[in-house]
Amino acid sequence: MACDKDCGKKCVGCLFDYETPVMLVISSKRVGAVFRLIQMLIIAYVIVYECWIQQNYQETDSVVSSVSTKVKGTAVTNTSVLGVHVWDVAEYIIPPQGENSFFVLTNMIVTPAQMQSRCPEVPGPTTVCLSDSDCRSGYSNVRGSGVQTGLCVNYSASVKTCEVLSWCPLENDTEIPEPALLEAAEDFTVLIKNSIHYPKFKFRKQNILPHINSTYLKNCTFNRKTDPECPIFRMGDMLEEAGEDFRNMAVKGGAMGILLDWTCDLDMKEQLCVPKYTFSRLDNKNSESDAAHGYNFRYAKYFKNSENTETRTLVKAYGIRFDVIVFGKAGKFSTVQAIIHIGATLSFLSLVNAVCDWFVLNFMEKKNYYKKHKFIHLDKMEDTDALVTMIFLKQAFRLHNIICSFTANFAEVLMLMLLLRCF
Amino acid sequence: MACDKDCGKKCVGCLFDYETPVMLVISSKRVGAVFRLIQMLIIAYVIVYECWIQQNYQETDSVVSSVSTKVKGTAVTNTSVLGVHVWDVAEYIIPPQGENSFFVLTNMIVTPAQMQSRCPEVPGPTTVCLSDSDCRSGYSNVRGSGVQTGLCVNYSASVKTCEVLSWCPLENDTEIPEPALLEAAEDFTVLIKNSIHYPKFKFRKQNILPHINSTYLKNCTFNRKTDPECPIFRMGDMLEEAGEDFRNMAVKGGAMGILLDWTCDLDMKEQLCVPKYTFSRLDNKNSESDAAHGYNFRYAKYFKNSENTETRTLVKAYGIRFDVIVFGKAGKFSTVQAIIHIGATLSFLSLVNAVCDWFVLNFMEKKNYYKKHKFIHLDKMEDTDALVTMIFLKQAFRLHNIICSFTANFAEVLMLMLLLRCF
Amino acid sequence: MACDKDCGKKCVGCLFDYETPVMLVISSKRVGAVFRLIQMLIIAYVIVYECWIQQNYQETDSVVSSVSTKVKGTAVTNTSVLGVHVWDVAEYIIPPQGENSFFVLTNMIVTPAQMQSRCPEVPGPTTVCLSDSDCRSGYSNVRGSGVQTGLCVNYSASVKTCEVLSWCPLENDTEIPEPALLEAAEDFTVLIKNSIHYPKFKFRKQNILPHINSTYLKNCTFNRKTDPECPIFRMGDMLEEAGEDFRNMAVKGGAMGILLDWTCDLDMKEQLCVPKYTFSRLDNKNSESDAAHGYNFRYAKYFKNSENTETRTLVKAYGIRFDVIVFGKAGKFSTVQAIIHIGATLSFLSLVNAVCDWFVLNFMEKKNYYKKHKFIHLDKMEDTDALVTMIFLKQAFRLHNIICSFTANFAEVLMLMLLLRCF
């Protein structure tokens with residue numbers, strides 16, 4: 001092929017050559033049935049799974065969300081330490097900001113009037129001592145309550161422990177009040193305000209639906225049957241739905257998830273896009289190791305007494321942490337997505353032929369007859385060149401020849417371009 | 001095919017048989033044009049959409065980020081309750097930690113000197129009473145302020161309400177100060193420090209760019225035109241960009257998002273990877289139901305008076321919560337990704353033939369002439385076996401035969417392996 | 001093709017026509033070797049990369065996690081402002097809730113006994129004044145400490161600054177204590193409780209493994225070699241693993257990440273699904289601009305003195321913020337996923353033919369001989385119709401003809417359906 005003058009003409013000619021494979025038509029009911037059956041299965045799969053269930057023809061976007069919460073309710077406790085005390089939101093919600101994660105105090109150990117001073121450690125395997133030599137001045141045990149002074153003093157009539165410099169008197173948390181002091185928290189309610197945004201689709205909505213008026217909102221409580229759209233949730237109801245017992249969980253605390261699922265098909269009506277609420281316990285209640293139970297932390301309120309000395313009330317707070325978890329994925333029809341996914345699936349159809357060929361040429365009675373017609377054998381004429389690579393390279397650099405053959409097939413051009421890019 | 005002795009030889013032989021489909025070349029300008037056009041479209045799509053816009057040849061990674069914020073500014077208020085009072089950062093930022101979400105106090109209702117005692121409820125539909133019989137001792141309404149004592153007492157000269165045990169005097173939040181008390185917060189600034197990390201590419205950067213020195217940082221304020229790289233933002237400017245009015249929003253509060261977009265093409269120069277700042281309101285301001293307006297919460301400061309009784313100052317805080325939301329995706333050229341995506345797209349090219357064949361064989365004038373040459377019909381010779389399945393199974397278990405045919409085609413081996421794995 | 005009566009019959013007939021391409025078999029060792037080599041490479045890639053490394057045959061799910069933390073340890077400081085003071089968890093952990101992000105106080109500047117009053121500004125470029133005319137009454141500099149009264153007063157014997165209304169005396173944070181006051185925080189420990197959930201697989205686990213008993217938990221400390229399963233971490237050890245020096249970082253603070261990687265192959269035994277702990281610094285320590293160093297914020301404790309005036313202790317807190325970041329992806333074998341991924345990869349195999357054809361028809365010695373057998377050229381008989389489009393459209397709307405040809409090939413039906421859906 002001398003590609004000097006007539007190359008251009010030739011290339012233009014082959015540009016409009018359409019190549020289509022020559023096909024052997026086998027009119028066999030058995031093969032035909034297998035072939036059509038597999039085709040049908042693949043098409044059914046595309047329609048049912050890809051289009052209907054997975055909705056792969058849709059473009060998707062993840063939810064952007066803003067949550068604020070507001071708890072309501074009061075409870076009264078009567079303890080020897082605090083006397084009769086009414087607890088309101090500003091006191092039992094920690095931190096008070098009403099973010100998507102809030103903690104409701106349900107039980108506590110209060111140690112009032114602590115002051116920086118010296119006192120004997122709470123007895124324990126590493127704190128009990130017999131004489132001063134058992135204690136080390138300046139030593140601070142990580143699991144202890146303060147810095148040892150080096151003295152061994154009476155904790156009670158029978159037990160001596162190392163003296164520590166700390167906020168004294170020390171807290172004694174060996175006994176947790178049972179039932180929980182703020183068991184009444186079962187009746188507290190929380191209003192959840194949630195605005196969501198699907199940026200790709202410029203879609204905004206909030207969980208307080210447009211038809212909910214403020215009168216309804218002042219009186220309703222969420223109930224899956226009667227009030228499924230009310231965004232006010234009773235603590236006890238949430239735990240019940242999650243299969244937990246409030247009175248039990250209130251003693252040692254725990255973590256709960258309030259899940260809002262905003263999965264929406266935006267090809268449908270906007271009104272159908274509403275959040276689905278579910279509740280589940282987040283921490284592991286059936287923990288084998290008892291050290292991992294519940295949820296608690298310590299915080300303190302600081303005061304100054306009349307001598308201007310700092311005192312504090314230490315609270316070991318047990319309670320339930322609620323995490324409002326908003327998730328969801330919205331989908332909307334997208335031409336590009338549809339073409340990509342359908343194309344990917346259609347390429348499966350080409351595999352059908354491979355399967356049928358295998359069947360026809362190996363398991364049919366007339367396989368040899370079919371083979372004879374399907375395959376055209378050229379005589380074996382082994383290439384005799386000594387240096388295959390040499391020739392390959394020589395040929396490869398006949399550039400105008402290559403360019404000529406390139407124009408005849410764009411796909412090849414593309415592939416070479418990509419190979420060049422890679423290396 | 002007796003595969004006893006010469007099977008091995010045969011297999012080795014067919015291993016080196018290369019099969020290529022016999023093609024019918026149709027030199028028709030019309031068909032050729034359609035064929036090349038569709039090919040061109042697909043290749044253009046690959047280059048423009050997949051490579052240029054979506055950059056599918058890149059490997060991607062999601063951003064890992066750490067944010068800290070620091071607000072600056074002071075404001076003075078003059079109210080009957082507090083007198084002249086200067087507010088600084090430690091007082092109006094709640095919580096004070098400077099995390100990625102911070103709340104700026106802009107308005108408030110302060111109820112000082114609350115103490116645990118008894119007082120009449122704030123009048124309302126469920127709290128007004130005529131006699132003691134309307135009140136229930138020990139009853140705590142979820143939407144009320146405390147625990148009822150069972151008495152009905154004078155709230156004012158004309159109204160009687162149930163007496164409650166609570167922090168008294170009760171807060172009266174019916175009137176919100178307008179204009180907002182800390183309207184001056186419009187001039188406050190916030191410094192945002194953000195370090196990001198793309199772990200897959202071991203790429204680290206922070207929003208305070210290397211060429212920003214501390215002198216500039218002490219004096220600059222973000223301005224999209226003049227100072228687009230200054231990480232210090234004026235509250236009023238942020239709300240203005242988001243299309244909100246600060247003075248309006250300050251009264252009842254709201255939630256704002258400060259979005260940092262770190263989307264980067266790491267095939268480009270590192271200097272081009274800078275954050276893009278945008279601001280948008282997160283909560284829904286056009287809420288139809290008035291109960292869902294704004295953003296507020298209650299917190300209290302606890303004191304002890306000279307008689308060692310606990311008193312508190314309750315604050316109903318209205319303000320703006322700013323959420324710093326960092327997102328982004330970095331891409332870098334990856335050989336594996338490139339091959340996968342290009343391969344997937346090229347498999348579309350095989351669909352072109354299907355379309356052209358359909359066109360040629362159904363809509364061309366010479367379709368019958370083409371058909372005659374494209375299809376080689378074998379005589380219909382129906383298979384006469386009685387039990388197709390029986391034979392299929394019998395054949396299928398002639399294992400050495402199968403193995404022999406397997407070696408001839410690796411693809412089949414793979415497919416069977418996978419089918420075995422599935423079931 | 002008159003499709004009036006015998007169309008149905010014809011369609012049913014062609015339904016069972018199986019078409020398979022006629023192949024040209026070239027028995028050349030060279031071509032065969034290239035062909036099989038490329039096939040092998042693709043299959044090796046599928047097995048090694050897709051199946052073994054990427055495990056693309058698996059369905060995946062992202063982790064849902066709940067974290068709580070508890071810090072232990074005490075430290076003593078001796079400063080002129082506070083005297084000897086013991087710090088415990090309730091004091092140095094801010095906020096105290098034990099969420100997934102907690103701050104450990106390591107250094108501080110304490111300004112006690114602040115009160116709302118007037119005092120001279122801290123000297124600086126914008127605050128130094130010579131006379132009252134340099135100060136503006138009511139002006140509040142964003143970077144200043146309060147609202148100017150308009151007077152210019154003595155800050156020290158030599159310097160005069162504008163007087164401000166603020167919490168006085170003002171904080172002077174020019175000198176940071178070095179070494180850090182709570183350097184002993186190096187020995188503090190943190191217990192991390194983490195429950196995870198893979199919803200799709202209904203798989204729950206926690207980082208406190210079932211075989212860990214409470215006795216072990218009371219005494220252990222995480223050590224990658226000796227105690228890799230102990231969920232109690234010493235602060236100093238974490239920073240050391242991250243390549244940081246605790247004593248250095250304690251002075252100005254910083255942000256650390258505690259990463260729990262729950263990546264699990266759920267096809268394996270459940271016991272193998274354990275978290276991998278890693279630690280890394282989140283903020284940028286090698287910041288070129290000195291303004292961006294460390295991590296600090298201001299908070300205050302409020303008191304009332306004997307005259308019922310509010311006073312406060314302002315603390316500028318430097319410290320380390322630890323973020324517990326839980327991530328992970330679980331995979332489990334899924335038939336649908338396996339078929340999709342294998343199918344996608346097998347469609348590559350069809351590209352092998354394109355490559356080999358290119359090689360055979362352009363670089364082989366006998367290329368012309370092969371070409372002669374591979375391509376069957378039809379005589380060029382150009383279509384003479386004037387209006388190609390007209391005819392195309394006319395033909396396209398011969399609907400019963402189309403439907404007839406449709407039934408013969410389901411793939412075409414699907415493609416049309418999709419095209420109709422798109423437009």
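About the criteria used
Residues numbered from 1 in each chain as written. Chains lettered and ligands numbered in written order. Predicted model: local features only at pLDDT ≥ 70, side-chain atom pairs only at ≥ 80, totals over all residues. Heavy atoms only, no water. Helix = DSSP H or I, 4+ residues; strand = E, 2+ residues; numbered from the N terminus. Buried < 20%, exposed > 50% of the residue type's maximum accessible area, 1.4 Å probe, protein only. Contact = heavy atoms within 4.5 Å. Areas by Shrake-Rupley, 256 points an atom, 1.4 Å probe, with all protein chains shown as cover. Phe/Tyr/Trp six-rings, centres within 6.5 Å; stacked < 30°, edge-to-face > 60°. Expected span 1.5 Å × (residues − 1). Core = buried A, V, L, I, M, F, W, Y, C linked by side-chain atoms within 4.5 Å.

Enquirer: What should I look at first to understand the overall build of chain A in this one?
Expert: The secondary structure content of chain A amounts to 12 helices and 20 strands. By the burial criterion, 52% of the 423 residues in chain A qualify as buried. Residue pairs in contact within chain A that sit at least 24 positions apart in sequence constitute 68% of those at least 6 positions apart. Summing over all exposed atoms, chain A offers an accessible surface of approximately 20100 Å²; the carbon and sulfur share of this is 58%.

Enquirer: Explain the packing of aromatic side chains to me, please; I cannot follow it from the model alone.
Expert: The description of an aromatic ring pair rests on the distance of the ring centres and on the angle between the ring planes. Summed over the entire model, instances satisfying the criterion amount to 41 aromatic pairs over all chains. Between A:Phe222 and A:Phe233, the aromatic rings sit 4.9 Å apart at their centres with planes inclined by 40°, giving tilted as the arrangement. Separated by 11 residues along the polypeptide, A:Phe222 in the loop between helix H4 (214-219) and strand S13 (232-234) and A:Phe233 in strand S13 bring together distant segments of the chain. Between the aromatic rings of B:Phe233 and B:Tyr277, the centroid separation amounts to 4.9 Å while the plane-to-plane angle is 65°, which identifies the pairing as edge-to-face. Remark: B:Tyr277 occurs in strand S16 (residues 276-281) and B:Phe233 occurs in strand S13 (residues 232-234); sequence separation between them is 44 residues. Taken together, A:Phe103, A:Tyr295, A:Phe297 and A:Tyr299 form an aromatic cluster joined through their ring pairs.

Enquirer: Explain helix H2 (residues 29-53) of chain C here, please?
Expert: The α-helix advances 3.6 residues per turn, and as a result positions three or four apart in sequence lie on the same side. Residues and elements named next belong to chain C. With 25 residues, H2 extends 33 Å between its outermost C-alpha atoms, agreeing within 8% with the 36 Å of an ideal straight helix rising 1.5 Å per residue. Burial in H2 covers these residues: Arg30, Val31, Gly32, Phe35, Arg36, Gln39, Ile42, Ile43, Val46, Glu50 and Cys51. Taken from the residues just after H2, Gln55 is the one with a positive phi, measuring 50°.

Enquirer: Sorry, what's going on with the nonpolar core here?
Expert: A general feature of soluble globular proteins is that nonpolar side chains tend to end up buried together. A:Tyr18, A:Val360, B:Tyr18, B:Val360, C:Tyr18 and C:Val360 are the most contacted members of the largest nonpolar core, which has 58 residues in total. For A:Val360, the contacting residues outside a window of four places in its chain are A:Ile26, A:Val31, A:Lys367, A:Tyr370 and C:Tyr18.

Enquirer: Please explain the environment of B:Gly73 as it appears in this structure.
Expert: Within the element layout of this structure, B:Gly73 appears in the loop between strand S4 (64-72) and strand S5 (75-79). For B:Gly73 and B:Ala255, which are 182 residues apart along the polypeptide, the C-alpha to C-alpha distance reads 20 Å. If sequence neighbours within four positions are ignored, B:Gly73 has contacts with B:Trp87, B:Asp88, B:Val89, B:Tyr92, B:Phe188 and C:Val142.

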